[in-house]
Amino acid sequence: MSSPTPHARKHVVIIGSGFGGLFAAQRLRKADVDVTLIAKTTHHLFQPMLYQVATGIVAEGEIAPATRVVLRKQRNTKVLMGDVFEINLEAKTVTSRLLERVTVTPYDSLIIAAGADQSYFGNDHFAEYAPGMKTIDHALELRGRILGAFEQAELSDDPAERAKLLTFVVVGAGPTGVELAGQIAEMSDKTLKGAFRNIDPTEARVILLDAAPAVLPPFGEKLGGKAARRLEKMGVEVQLNAMVVDLDYDGLVVKEKDGTTRRIESQCKVWSAGVQASPLGKQLAEQSGVELDRAGRVKVQPDLSIPGHPDVFVVGDMMAVDGVPGVAQGAIQGGRYAADAIKAELKGHSPADRKPFSYYDKGSMATISRFSAVMQVPIPGTKKKFETEGYFAWLGWLALHLVYLVGFRNRLNTLVNWFFAFTTRGRSQLAVTEQQVYARTAIGQLSALEKKSVEETEAESAGATPPGEKADDGEADTKVEAS
Ligand SMILES: Cc1cc2nc3c(=O)[nH]c(=O)nc-3n(C[C@H](O)[C@H](O)[C@H](O)COP(=O)(O)OP(=O)(O)OC[C@H]3O[C@@H](n4cnc5c(N)ncnc54)[C@H](O)[C@@H]3O)c2cc1C
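Cut-offs and rules
Residues numbered from 1 in each chain as written. Predicted model: local features only at pLDDT ≥ 70, side-chain atom pairs only at ≥ 80, totals over all residues. Near = placed C-beta within 6 Å. Helix = DSSP H or I, 4+ residues; strand = E, 2+ residues; numbered from the N terminus. Nonpolar A, V, L, I, M, F, W, Y, C, P; charged D, E, K, R; others polar. Domains from an automatic or database assignment. Pairing = 2+ DSSP bridges. Axes fitted to C-alpha atoms, helices over the stretch in contact; angles between N-to-C directions. Contact = placed C-beta atoms within 7 Å.

Quick look at the site of the ligand now. The ligand sits among 33 residues. The nearest are Gly 16, Gly 18, Gly 20, Gly 115 and Gly 316. Going through the elements one at a time, α1 (19-27), β2 (34-39), β4 (83-88), α7 (175-191) and α10 (328-346) are the ones with two or more residues in the shell around the ligand. For the shell around the ligand, the per-class residue count stands at 16 nonpolar, 13 polar and 4 charged. Each of domain 1 (11-118 + 276-353) and domain 2 (125-273 + 363-423) accounts for three or more of the residues forming the shell around the ligand.

The next subject is the sheet that holds strand β10 (residues 205-209). Ordered in space as β11-β10-β9-β15, the 4 strands form an open sheet in which the pairing is parallel. Whereas interior strands pair on both sides, the edge strands pair on one side only; in this sheet they are β11 (236-239) and β15 (268-271). Along the sheet, successive strands turn relative to each other by an average axial angle of 15°, direction set aside. Sheet topology places strand β9 (residues 167-171) next to β10; 5 bridges connect them, and they run parallel. Counted as the bridge partner of Thr 167 is Arg 205 from β10. Across the sheet, α7 lies against β9, β10, β11 and β15, angled at about 170° from β10, the strand it touches most. Running over the sheet, helix α8 (residues 220-233) touches β10 and β11 and is turned about 140° from β11.

Attention shifts here to the domain arrangement of the protein chain. Accessible area lost upon the coming together of the parts serves often as the stated size of an interface. According to the domain assignment, the protein chain consists of domain 1 (11-118 + 276-353) and domain 2 (125-273 + 363-423). Its C-alpha centre places domain 1 at a distance of 29 Å from the equivalent point of domain 2. Tallying the contact residues gives 24 residues for domain 1 and 27 residues for domain 2. Of all the secondary-structure elements, those providing two or more residues to the side of domain 1 that touches domain 2 are α2 (50-54), α3 (60-63) and β8 (116-118). For the side of domain 1 that touches domain 2, the element with the most residues is α2, which contributes 4 residues. Partitioning the side of domain 1 that touches domain 2 into residue classes produces 17 nonpolar, 4 polar and 3 charged.

Okay, here's the thing in structure tokens:
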């Protein structure tokens, strides 16, 4: 399936259009190389604002511009949509699939920035009842589930059922969990107040729970404590040392520190606890012997390459580098570093000349609610960090996220939406479609049907094909990328 590279000049393949992939591609804008960026989504997703899509503050298009439009003026770069399912380090090819089409893309240098997914710590069946918060689909599905729960509660006369429908549980008290819990509370307390006739949305319970003993552990005890108190003031129930041991359509079972268990009845749950790096890391481990950490991240060399393959870089949430957190800046700086290494080699430098990747920590932030955030910024030349919380941290969060949002129009639209959401407490993005809410179930059912049909066809072929003759295995057309 492989072929020698047909490119006249060096061909750089990038997997992923997130922070790592997009910023690597942009860094190669003027380089004398051909770049192919392959991603399974058509957009560059600004994940830090996903919770605002889920809670109706901004529209999905504002945080997810089309990658090919972002890169349209970059003449040395082409964008392919496809889910990469195979990396062959020996043949130096990447194989991707879009529906039935399989594409094999040869590379000279490869930058892998396929990110990470939600981890359910071995309980993958939880995903059906508690979606994660990693993609646009997740955010729209969650918006549908939140608003759908209010709609159902309005129609119910059964107090127990109403209580279950009006209990929202966010699992995981990291930045995403804190942001989501805060916004669901604000939405029910302010945006939806007075909009129903049979229920009072302000009576909704929002529970934020975590197996860890603290809220926002990476921010330390002081800021984490302040965030917890602020959430509690808004009516969010913060439950710590509480580990989810079971989860179903109607609720979840929580195990306390002392080993006792209790059940919470809740129809709308969201999972923001833990990450698992892209499974592509496992392929690299099998082929190169590189180690993976517990979250499946690739333990890269100091130059972000993998052992024996100086032309293959792993960046962003997929890489495991001491002191580099799984944040946007880690991915941006990693992607740019890999692009710079490739450019240096065009000038005759050898991989042995590469300086190790060094991460510049620009600080961390998390919003809690309207007018409230926590912020931690390293003080240059010291090991200390400047910490603050409240209104100025919140303004800082808004400003910084606006700067990193891709596209002038997106920034402007977001600014307008923020203005109205934060001054009037109204939200413009409260539309929900039936398909958004039920898509996961429908897709699950379709996949099960498809799997069953493939199994039946295989069983039939195995019985009917005479020995020596190859049965039609229905394999999709394979295309070798040639330009
Ligand atoms: C809800 C949320 C909030 C966050 N908030 C913050 C924040 O406030 N500040 C901060 O600094 N960081 C935040 N982060 C973390 C930050 O978004 C990530 O660290 C960053 O996106 C990692 O970039 P990446 O390029 O490694 O991966 P991603 O941005 O996840 O991009 C991965 C890309 O790879 C593609 N892909 C994946 N698998 C394949 C495949 N098999 N084939 C082809 N393409 C594939 C995806 O489609 C995507 O384009 C947040 C993350 C989440 C989920």
